[in-house]
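Residue strings, one per chain:
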Amino acid sequence: MKRHLRISAPTVSIIAALLISLGNAGEIIDLWPEGKIPGPHSHTDGEERDLTKSEDRLIADKPIIKLGHVSTPQLEVFLPPAEKRNGTGIVVCPGGGFSILAWDLEGTEVAKWLNEIGIAAAVLKYRVPTREHGEEGTVAPKKALGPMMDVQRALSMFRGNAEKWGVDPEQCGVLGFSAGGQIAALTAVAAGKRAYDPVDKADEFSCAANFAMLIYPGGLADEKTGELNPFYPVTKETPPMFFVHAADDRVTCLSSSALFTEMKKAGASAELHIYAKGGHGYGMRPTELPVTRWPERAEDWLSGLE
């Protein structure tokens, strides 16, 4: 697997999105043919919509878009200028506890940053809510199974459009936050083993992640013991991963440290950053806390992938 990333100088000042689509967004693509969405569907209540309320907590003094009732999974594609592209493509998975999607905070704002450093990005609008799918599945917790399928399909579609979007099929990764970090991790450890039966020619392309970036991921480990949950089998061939977490996060940092530890034991490549303070759900919005400078560390890590 060859990755030669040329990362430009870091730019971490991100302007919050006030609309679902930003100016540099390109195509919006339905992930699945109509009527052929595999796995458990979301439990929607009416049409897809922003569920943000005026009294909701601000992040870095700004509101966020809480996109809910998603029954039609899609990709929103963000491409850097042709002269800046370095061949890398990343599927961005916003968090939201499998209830909503933090669409701008952990999606479109992240895509803009990736474009600034030469990376093609596709923000994944995966099916939500699925939180009420409580029973366990075989390859993923039931609430994460449908969204995991959406991530795998997104990677296949990224590779299917690789020439069009200026992406090397061997440089396609995932970046996920919170619940999005969980499905990114599930996809990475699946190593290209599809969680659904192929539905059309798009699934002829690999659904494996060449690398994964997990930002305050949830659900990877037991909250009390820190033991890695059984859905994350790790081998020496598990793709490289980058972790960021805060020790005071209500979503335990043991999720990140548990998977990192198993990767270390197996001889797989991983980098872990745990900060003393930061809480949860800061995305890329800068504050006075060092944790919000994680994109600089991520750029260094991406530059070192081989």
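The structure reproduced in this document is the subject of the present report. All of these numbers come straight from a predicted model, not from anything done at the bench. (Residues numbered from 1 in each chain as written. Predicted model: local features only at pLDDT ≥ 70, side-chain atom pairs only at ≥ 80, totals over all residues. Heavy atoms only, no water.)

What follows is about the side chain of Ser-42. Here Ser-42 is to be found in the loop between strand E1 (25-30) and strand E2 (49-50). In this structure Ser-42 comes out as buried when scored by relative accessible area, which is 12%. Here Val-70 takes part through its backbone oxygen, which lies 2.8 Å from a polar atom of the side chain of Ser-42. Setting aside its immediate chain neighbours within four residues, Ser-42 contacts Val-70, Ser-71, Arg-127, Val-128, Pro-129 and Thr-130. (Helix = DSSP H or I, 4+ residues; strand = E, 2+ residues; numbered from the N terminus. Buried < 20%, exposed > 50% of the residue type's maximum accessible area, 1.4 Å probe, protein only. Polar contact = N/O pair within 3.5 Å; in protein donor to acceptor, adjacent residues only side chain to side chain. Contact = heavy atoms within 4.5 Å.)

Core analysis: the biggest nonpolar cluster contains 85 residues, and Trp-113, Met-213, Leu-259 and Trp-294 have the highest contact counts within it. Ranked by the residues each element gives to this core, the list is headed by helix H2 (residues 142-160), at nine residues. With residues near it in sequence (within four places) discarded, Leu-259 still touches Ala-185, Leu-214, Leu-220, Leu-228, Tyr-232, Val-234, Met-241 and Phe-243. (Core = buried A, V, L, I, M, F, W, Y, C linked by side-chain atoms within 4.5 Å.)

What follows covers the layout of surface pockets. When its volume is computed, the largest pocket comes out at roughly 660 Å³. Among the elements of the structure, strand E6 (100-102), helix H1 (104-116) and helix H4 (179-190) are those that each provide at least two residues to the lining of the largest pocket. Split into classes, the residues belonging to the lining of the largest pocket amount to eleven nonpolar, eleven polar and nine charged. Approximately 210 Å³ is the volume found for the second largest pocket. Taken together, Thr-138, Val-139, Met-148, Leu-186, Val-189, Ala-190, Lys-193, Arg-194, Ala-195, Pro-230, Phe-231 and Pro-233 make up the lining of the second largest pocket. (1 Å grid on protein atoms, 1.4 Å probe; cavity = no way out; pocket = protein on both sides within 12 Å on 5 of 7 lines; lining within 4 Å. Points joined across faces, edges and corners; volume = space filled by probe spheres on them. Nonpolar A, V, L, I, M, F, W, Y, C, P; charged D, E, K, R; others polar.)

Turning our eyes to something else, we now look at the sheet that holds strand E3 (residues 66-68). Read from one edge to the other, the open sheet built from three strands follows the order E2-E3-E6, with strand pairing classed as antiparallel. Single-partner strands in this sheet number two, and they are E2 and E6. Sheet topology places E3 next to E6; three bridges connect them, and they run antiparallel. Opposite Leu-67, over in E6, you have Leu-101 as the bridge partner. (Pairing = 2+ DSSP bridges.)

Look at any regular strand and the pattern is simple: side chains alternate between the two faces of the sheet. Counting buried residues in strand E10 (residues 241-246) gives six out of six residues, a clear majority hidden from the surface. Taking every second residue as pointing to the same face, both faces of E10 are buried, with Met-241, Phe-243 and His-245 on one and Phe-242, Val-244 and Ala-246 on the other. In this structure, strand E9 (residues 212-215) lies alongside E10, joined through four bridges in parallel fashion. Paired with Ala-212 across the strands is Met-241, a residue of E10. Where E10 and strand E11 (residues 270-275) come together, six bridges link them in parallel fashion. In the strand pairing of E11, Phe-242 is matched with Glu-271. What joins E10 to E11 is helix H5 (residues 254-266), and the crossover it makes is right-handed. (Right-handed = clockwise from strand over helix to strand, strands pointing away.)

On to the packing of H2 against H4, then. Running from N to C, H2 and H4 point in directions that differ by 60°, and their axes come no closer than 9 Å. Our classification of the angle between H2 and H4 gives oblique. For the element pair H2 and H4, the recorded crossing hand is right-handed. Contact residues: Ala-144, Pro-147, Met-148, Val-151, Gln-152 and Leu-155 in H2; Gln-182, Ile-183, Leu-186, Thr-187 and Ala-190 in H4. When grouped by side-chain class, the residues that make up the contact of H2 with H4 number eight nonpolar, three polar and no charged. (Axes fitted to C-alpha atoms, helices over the stretch in contact; angles between N-to-C directions. Parallel < 35°, antiparallel > 145°, perpendicular 65-115°, else oblique. Left-handed = near helix turned anticlockwise from the far one by under 90°.)

What follows concerns the pattern of salt bridges. The final tally for this structure, using the stated rule, is eleven salt bridges. Residues Arg-194 and Asp-203 are paired through a salt bridge, measuring 3.2 Å at the closest nitrogen-oxygen approach. When its relative accessible area of 7% is taken as the criterion, Asp-203 is described as buried. Where salt bridges share partners, they join Arg-153, Arg-194, Asp-200 and Asp-203 into one cluster. (Salt bridge = Lys/Arg side-chain N within 4 Å of Asp/Glu carboxyl O.)

Tallied over the entire structure, the rule returns eight aromatic pairs. Where Trp-113 meets Trp-294, the ring centres are 5.8 Å apart and the plane angle is 75°; that geometry is what we call edge-to-face. Highlighted residues: Trp-113 in helix H1 and Trp-294 in helix H6 (residues 294-304), separated in sequence by 181 residues. The buried category is assigned to Trp-294, whose relative accessible area is 0%. (Phe/Tyr/Trp six-rings, centres within 6.5 Å; stacked < 30°, edge-to-face > 60°.)

Keep in mind these numbers describe shape, not what the thing actually does.
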